[in-house]
Amino acid sequence: MLDHFTLHRRAVKVLPPAIRTSGVVADDDPYALSKLLFPLRRKSSGALVYRLTEEAAVAMADDPLAYLKDAVQAREGLGRRRAPFAYRAWRKAMLPAGWSSVWLPKAAEPTPDVTEAYFTAKNDGKALLVVIPSQRLAFYLWCD
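It should be emphasised that the depicted structure is a prediction, and the values quoted were computed from it without experimental measurement. (Residues numbered from 1 in each chain as written. Predicted model: local features only at pLDDT ≥ 70, side-chain atom pairs only at ≥ 80, totals over all residues. Heavy atoms only, no water.)

**What about the packing of aromatic side chains?**
Any pair of aromatic rings gets described here by the distance separating the centres and the angle formed by the planes.
No. 1: By the definition in use, this model includes two aromatic pairs.
No. 2: Centre to centre, the rings of phenylalanine 85 and tyrosine 87 are 5.5 Å apart; their planes meet at 75 degrees, and the pair counts as edge-to-face. Comparing phenylalanine 85 with tyrosine 87, the two get one shared label, buried.
No. 3: Between tyrosine 140 and tryptophan 142, the ring centres sit 5.7 Å apart and the planes meet at 25 degrees, which makes this aromatic pair stacked. (Phe/Tyr/Trp six-rings, centres within 6.5 Å; stacked < 30°, edge-to-face > 60°. Buried < 20%, exposed > 50% of the residue type's maximum accessible area, 1.4 Å probe, protein only.)

And the structure:
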């Protein structure tokens, strides 16, 4: 049975090593969890929300772009003999008030009026990685 621990262990492969996470924020339904990793009869697309470790969030606090500068390669390839993929240079974005109502569970804390986010894309453009240090969150969105 697929659980949050197994999902996190497998899904963390797409993140650069500098982005340390403690788990995923996901639905408790085992079918929904397995759908993320085993897309059957449909194009592979989706999104995962990771919880950043306290240490990673603190390390990014002063200058997130400097911290993320070298975080441009995934930990592992997604296949047995596939090389880890590369990301483009990191950029900063400002998220407007209300962004959290779209991405976070209802139990999440409210977000401030404007939130700093840092993002990059896979070199082939098929995935986006967004880090929000102030909320201790990272988002991985893909469409293969």
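On we go from here.
**Overview of the pairing of strand S5 (residues 127-132)**
No. 1: Most of S5 is tucked away, with five of its six residues classed as buried.
No. 2: In this sheet, S5 lies alongside strand S4 (residues 115-121) in antiparallel orientation, the contact comprising four bridges. Across the sheet, threonine 120 pairs through a bridge with leucine 129, a residue of S5.
No. 3: In this antiparallel pair of consecutive strands, S4 and S5, the connection spans five residues, and glycine 125 shows a positive phi of 75 degrees.
No. 4: Note: S5 against strand S6 (residues 137-143), six bridges, orientation antiparallel. Its bridge partner lying in S6, isoleucine 132 is registered against leucine 137. (Helix = DSSP H or I, 4+ residues; strand = E, 2+ residues; numbered from the N terminus. Pairing = 2+ DSSP bridges.)

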